[in-house]
Amino acid sequence: MRLLRYLVSLICGLLFGAGLALAGMTRPQKVLGFLDVAGHWDPSLIFVLGGAVAFATVAFHFIMRRSSPLLTQNFDLPKAKAIDSKLIAGASIFGLGWGLSGYCPGPAIALLAAPDAEALYFLPAMLAGWWLYAFVTHKSKHSNTR
Amino acid sequence: MESFTPYSALAGGLLIGLSASLLLWFNGRIAGISGIARGLISQERGEFLWRALFLAGLVAGAWLYYWLAAHAGYGDAAPHARPGFPHGLLVAAGLAVGFGTALARGCTSGHGVCGIARISVRSMVATLTFLVAGIATTYVVRHLLGVQ
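Predicted, not measured: the structure shown is a model, and the values here were computed from it. (Residues numbered from 1 in each chain as written. Chains lettered and ligands numbered in written order. Predicted model: local features only at pLDDT ≥ 70, side-chain atom pairs only at ≥ 80, totals over all residues.)

On a plain count of helices and strands, chain B comes out with 6 helices and 0 strands. If you line up chain B on its principal axes, its C-alpha atoms span 45 × 40 × 30 Å. Counting over 148 residues, chain B shows a buried share of 53%. Restricting to contacts in chain B with at least 6 residues of sequence separation, those with at least 24 account for 39%. (Helix = DSSP H or I, 4+ residues; strand = E, 2+ residues; numbered from the N terminus. Buried ≥ 20, exposed ≤ 12 C-beta atoms within 10 Å, placed from the backbone. Contact = placed C-beta atoms within 7 Å.)

Put into structure tokens, the structure is as follows:
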């Protein structure tokens, strides 16, 4: 069962990466062509997101009726529901970085499939961003008495 | 300048939707890339290998598509560094993407695809927020600062 779970992870990763590349979303110029609504606008990204969301919404509807996934005991779903300042600030900061560069995490990691000079700057910086968050939250946990 | 490619965009989107659906159906997990990658450094038991395999698959999947496209005569689908694009901008952007997705607990895939598909209002708000921030930032960078 565990081996099968790992195989599914690998196959899902393959499908995800191939989907991103086929959609052109691993090229930051293509992504910025969508975000640049005041320029020569390329609406392709709407079709990517729309296709993914449409498929997943229908599939998730049926999957979530099950009491458990096929290969594990429980669904591991995000529990957070709050629309708070952390969500808005985080999404805004992420959007800022996305608009600056044309990379979100998936396409950034996919850079390893065709590494160029941009990967050298962007990827370590993204890792540092994740590390910085972990560092800051770890520190605040220890300085506050919660 | 990029041209509008509705068919490959839709087909790619459907593959991403299929990937997210299979991962939830078989393994009960959400296909959010920032969450999967960040979880790699948590030292929880049984949390490392599936994440590493998913990300290795993502890289291999993109590579496979570039290879197929080149051999099928569709040309070069791989990304290439933009000549003259400021490196400082890439570093700042990487930091923002990392920190922001950690703070918001999700990115384009976790909130934008899986969250919306789960009909999560939190994810819909997050998606709208990063889209608006991305569009505003691109406007400033391209049209006010003149960086292409």
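Broken down by element type, chain A carries 6 helices and 0 strands. What you see in chain A, going N to C, is helices and strands ordered as α-α-α-α-α-α. What you see for chain A is a C-alpha radius of gyration of 18 Å, clearly larger than the 15 Å of a compact globule of 146 residues, by over 25%. On the principal axes, the C-alpha backbone points of chain A span a range of 50 × 45 × 30 Å. (Rg over C-alpha atoms; globule rule 2.2 N^0.38 Å.)

Another point: unusual backbone geometry. Residue and element names in this part refer to chain B. Even without being glycine, R105 reaches a positive phi, approximately 55 degrees. As for its position among the elements, R105 is in the loop between α4 (87-104) and α5 (108-117). R105 sits in the buried class, given 22 other C-beta atoms within 10 Å. The phi angle at I119 is positive, at roughly 55 degrees, despite the residue not being glycine. Here I119 shows up in the loop between α5 and α6 (121-144).

All names here are of chain B. Spanning 22 residues, helix α1 (residues 6-27) covers 31 Å between terminal C-alpha atoms, matching the ideal 32 Å at 1.5 Å per step. A large share of α1 lies buried, amounting to 17 of its 22 residues. Looking at the residues trailing α1, positive phi occurs at G28, about 70 degrees. (Expected span 1.5 Å × (residues − 1).)

On to the interface of chain A and chain B. Contact residues are listed per partner, giving 104 residues for chain A and 101 residues for chain B. Counting residues per element, the ones that place at least two in the side of chain A that touches chain B are α1 (2-23), α2 (28-35), α3 (44-63), α4 (85-101), α5 (105-110) and α6 (117-143) of chain A. Top contributing element to the side of chain A that touches chain B by residue count: α1(A), with 18 residues. Looking at the side of chain A that touches chain B residue by residue, the class counts come to 70 nonpolar, 24 polar and 10 charged. (Nonpolar A, V, L, I, M, F, W, Y, C, P; charged D, E, K, R; others polar.)

As a rule of thumb, nonpolar side chains are buried together in soluble globular proteins. Core analysis: the largest hydrophobic core is formed by 89 residues, its most contacted members being A:A56, A:F94, A:F122, B:A62, B:A96, B:V97 and B:V113. Discounting chain neighbours no more than four positions away, the residues touching A:F94 are B:A96, B:V97, B:G100, B:T101, B:A104, B:C107 and B:F130. (Core = buried A, V, L, I, M, F, W, Y, C linked by C-beta atoms within 7 Å.)

It is worth spelling out helix α3 (residues 49-71) of chain B at this point. For α3(B), built from 23 residues, the straight-helix expectation of 33 Å at 1.5 Å per residue is met to within 8% by its first-to-last C-alpha distance of 32 Å. Residues of α3(B) that are buried: B:W50, B:R51, B:L53, B:F54, B:L55, B:G57, B:L58, B:G61, B:A62, B:Y65 and B:Y66.

The topology assignment puts B:R122 in helix α6. Linking B:R122 and B:D76, residues 46 residues apart in sequence, is a C-alpha distance of 38 Å.

Mean pLDDT for chain B: 96, with 99% of residues reaching 70 or above. Interface confidence for the predicted complex, given as ipTM, is 0.97, next to a pTM of 0.96. (pLDDT = per-residue confidence, 0-100.)

The geometry of a pair of packed helices is captured by two quantities: the angle between their axes and the separation between those axes. Here α3(A) crosses α5(B) at 35 degrees, and the two axes come no closer than 7 Å. Judged by the sense of rotation from one axis to the other, the crossing of α3(A) with α5(B) is right-handed. Residue-level contacts link A:L49, A:A52, A:V53, A:A56, A:T57 and A:F60 of α3(A) to B:G112, B:V113, B:C114, B:I116 and B:A117 of α5(B). The residue makeup of the contact of α3(A) with α5(B), split by class, is 9 nonpolar, 2 polar and no charged. (Axes fitted to C-alpha atoms, helices over the stretch in contact; angles between N-to-C directions. Left-handed = near helix turned anticlockwise from the far one by under 90°.)

Position of A:L14 relative to the elements: it lies in helix α1. With 24 C-beta atoms packed within 10 Å, A:L14 lands in the buried category. Along the primary structure A:L14 and A:K30 are separated by 16 residues, whereas in three dimensions their C-alpha atoms are 21 Å apart. The contact partners of A:L14, leaving out residues within four places of it in the chain, are B:G57, B:A60 and B:G61.

The next thing to look at is the environment of B:Y139. Residues and elements named next belong to chain B. Counting through the fold element by element, Y139 comes out in helix α6. The exposure class of Y139 is partly exposed, given the 17 C-beta atoms found within 10 Å. A C-alpha to C-alpha distance of 20 Å links Y139 and T108, two positions 31 residues apart in sequence.

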